Amino acid sequence: MRIATWNVNSIRARADRIEAWLDRSDVDVLAIQETKAKDENFPWELFEFAGYEVAHFGLNQWNGVAIASRVGLKDVERTFPDQPVFGKGKQEPIQEARAMAATCGGVRVWSLYVPNGRGLDDPHMPYKLEWLRVLKDHAKQWVKDDPEAQIALVGDWNVAPQDDDVWDIQFFRDNNMTHVSEGERAAFNAFIDDAGFVDVVRPRHPGPGVYTYWDYTQLRFPKKEGMRIDFQLCSPALADRVTDAWIDREERKGKGASDHAPVVIEIG
DNA sequence: ATGTCGCTTTTTAAGCGA
């Protein structure tokens, strides 16, 4: 079975790309982030024609996650338990459309779009750290309750855990940039060190120079200036079954590409 | 030498978010 995660940066703008990619990638499950759509604007027929069931969680033009599957799509869950809220402007704080789960082919797949911290001193940063902490605490418990649990936490984590995960760490340091701070890295690494999850892609594709995201600005892609911020973290029992993994850098090429590349794993 | 997208709205440009 093949599981992919992909921040598509608008499901509508990327519809043709997604259709073509499903056609050639042969994935069984696709976890999507940044659909930027409400249900009424979601291209349901795209997935139907391609032979996939799909579930979507989108509240407005921001965020939005989905899971498409051709190996079953059961027990869809929107938001994780105790998911922290955030208030935009004067509006009531809400649980944003950043997490959803479904059981596909026996694997509990979580499609995650981790909040962007925006700035080291921005209110979005503590929100991001708390969001990750609460999810990690639950993930740890899921595995504690069932050591054989088949869980994949996949998506855009908005964290570059190692210096090699950005093209120039000094540039990030000099400009007080997010994604590489101690707090963000600790929040991410807790999934591995504390909850016992496994990054199944990095060992097969170590850096430097291996990225999943390239900013649209500054010609970052042709200059090979990217970031590794999209990950598939597997529960221990699922990690044992992984036979292959890759980042589809080709999909970042050409006109109309998302700024993120799909990340794929193969399970035996 | 320069340099992006995509969404929305009391739209046809500006603001927001990444």
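First, a word on scope: everything that follows refers to the structure included in this document. Model, not experiment: these values are computed from the prediction.

### Focus: the overall build of chain A
No. 1: Helices and strands together make up the secondary structure of chain A, namely six helices and twelve strands.
No. 2: Taken over C-alpha atoms, the radius of gyration comes to 17 Å for chain A, in line with the 18 Å a tight globule of 268 residues would show.
No. 3: When the backbone C-alpha atoms are referred to their principal axes, chain A occupies close to 50 × 45 × 45 Å.
No. 4: The long-range share in chain A, meaning contacts at least 24 apart out of those at least 6 apart in sequence, stands at 69%.
No. 5: Within the structure as shown, chain A displays about 11,600 Å² of accessible surface, and the carbon and sulfur contribution to it stands at 48%.
No. 6: Where the 33 positive side-chain charges of chain A centre and where its 44 negative ones centre are 4 Å apart.

### Side note on unusual backbone geometry
No. 1: Across the junction of Gly207 and Pro208, the peptide omega takes the value 0°, indicating a cis bond.
No. 2: A positive phi angle, close to 50°, is found at Asn176, a residue other than glycine.
No. 3: Mapped onto the secondary structure, Asn176 falls in the loop between helix 4 (169-174) and helix 5 (182-193).
No. 4: When its relative accessible area of 57% is taken as the criterion, Asn176 is described as exposed.

### Looking at the layout of surface pockets
In this approach, a probe sized like a water molecule rolls over the atoms, and the result shows the empty space that is left.
No. 1: The calculated volume of the largest pocket comes to roughly 640 Å³.
No. 2: Lining the largest pocket are 34 residues, with Tyr113, Asn116, Asn158, His179 and Tyr213 positioned closest to its centre.
No. 3: Classifying every residue of the lining of the largest pocket gives 13 nonpolar, ten polar and eleven charged.

### Details of the protein's contact with DNA strand B
No. 1: Lining the immediate surroundings of DNA strand B are 15 residues, of which Ser10, Arg14, Arg118, Tyr216 and Leu219 lie closest.
No. 2: Counting only the atoms of DNA strand B within 4 Å of the protein, the fraction contributed by sugar and phosphate is 70%.
No. 3: Within the contact set of DNA strand B, a phosphate oxygen lies 2.6 Å away from a side-chain nitrogen or oxygen of Ser10.
No. 4: Within the contact set of DNA strand B, a sugar or linking oxygen lies 3.0 Å away from a backbone nitrogen or oxygen of Tyr216.

### Re the sheet that holds strand 12 (residues 263-267)
No. 1: Taking strand neighbours across the sheet as the criterion, the six strands line up as 3-4-2-1-12-11 in an open arrangement whose pairing is mixed. In this open sheet, the two edge strands, each paired with only one partner strand, are strand 3 (53-57) and strand 11 (242-247). Here the average twist between neighbouring strands, direction ignored, is 10°.
No. 2: Sheet contacts for helix 1 (residues 15-25): strand 1 (2-7), strand 2 (29-33) and strand 12; angle to strand 1, the most-contacted strand, approximately 160°.

### Some points on the nonpolar core
No. 1: Residues Ile3, Ile67, Val109, Val200, Val201, Cys234 and Ile265 are the most contacted members of the largest nonpolar core, which totals 33 residues.
No. 2: Discounting residues that sit within four places of it in the chain, Val201 has contacts with Gln232, Ala245, Ile247, Val263 and Ile265.

### Structural notes on the packing of helix 3 (residues 124-145) against helix 5
No. 1: As a packed pair, helix 3 and helix 5 sit with axes 9 Å apart at the nearest point and diverge in direction by 10°. In terms of axis orientation, helix 3 runs roughly parallel to helix 5. Here helix 3 runs over helix 5; the crossing is left-handed. In contact with Met125, Lys128, Leu129, Leu132, Leu135 and Lys136 of helix 3, helix 5 contributes Gly183, Glu184, Ala187, Ala190 and Phe191.
No. 2: Per-class residue counts for the contact of helix 3 with helix 5 are seven nonpolar, one polar and three charged.

### Some remarks on a negative patch on the surface
No. 1: Together, Asp145, Asp146, Glu148 and Asp240 make up a region of like negative charge exposed at the surface.
No. 2: Among the secondary structure elements, Asp146 is positioned in the loop between helix 3 and strand 8 (151-156).
No. 3: Assessed through its relative accessible area of 36%, Asp146 is described here as partly exposed.

### Observations concerning the sheet that holds strand 10 (residues 230-234)
No. 1: Across the sheet, six strands lie side by side as 5-6-7-8-10-9; this open sheet has mixed pairing. What marks the edges here is a single partner per strand, and that holds for strand 5 (74-78) and strand 9 (198-199).

### Thoughts on the pattern of salt bridges
Between side chains of opposite charge, a pair can form when the charged atoms approach closely.
No. 1: Evaluation of the coordinates by the stated rule reveals 19 salt bridges.
No. 2: When the shortest N-O distance is used, the salt bridge between Arg70 and Asp28 registers 2.9 Å. Placement of Arg70 in the loop between strand 4 (65-69) and strand 5 and of Asp28 in the loop between helix 1 and strand 2 is noted, with a sequence separation of 42 residues between them.
No. 3: Here Asp28 falls in the buried class, since its relative accessible area comes to 14%.
No. 4: Here Glu250 and Lys253 are joined by a salt bridge, their closest N and O atoms 2.9 Å apart.

Parameters and conventions
Residues numbered from 1 in each chain as written. Chains lettered and ligands numbered in written order. Predicted model: local features only at pLDDT ≥ 70, side-chain atom pairs only at ≥ 80, totals over all residues. Heavy atoms only, no water. Helix = DSSP H or I, 4+ residues; strand = E, 2+ residues; numbered from the N terminus. Rg over C-alpha atoms; globule rule 2.2 N^0.38 Å. Contact = heavy atoms within 4.5 Å. Areas by Shrake-Rupley, 256 points an atom, 1.4 Å probe, with all protein chains shown as cover. Lys, Arg positive; Asp, Glu negative; His and termini not counted. Charge placed at Lys NZ, Arg CZ, Asp CG, Glu CD. Buried < 20%, exposed > 50% of the residue type's maximum accessible area, 1.4 Å probe, protein only. 1 Å grid on protein atoms, 1.4 Å probe; cavity = no way out; pocket = protein on both sides within 12 Å on 5 of 7 lines; lining within 4 Å. Points joined across faces, edges and corners; volume = space filled by probe spheres on them. Nonpolar A, V, L, I, M, F, W, Y, C, P; charged D, E, K, R; others polar. Near = heavy atom within 4 Å. Polar contact = N/O pair within 3.5 Å; in protein donor to acceptor, adjacent residues only side chain to side chain. Pairing = 2+ DSSP bridges. Axes fitted to C-alpha atoms, helices over the stretch in contact; angles between N-to-C directions. Core = buried A, V, L, I, M, F, W, Y, C linked by side-chain atoms within 4.5 Å. Parallel < 35°, antiparallel > 145°, perpendicular 65-115°, else oblique. Left-handed = near helix turned anticlockwise from the far one by under 90°. Patch = residues over 30% accessible without salt bridge, like charges linked within 9 Å, V, L, I, M, F, W, Y side chains within 5 Å. Salt bridge = Lys/Arg side-chain N within 4 Å of Asp/Glu carboxyl O.

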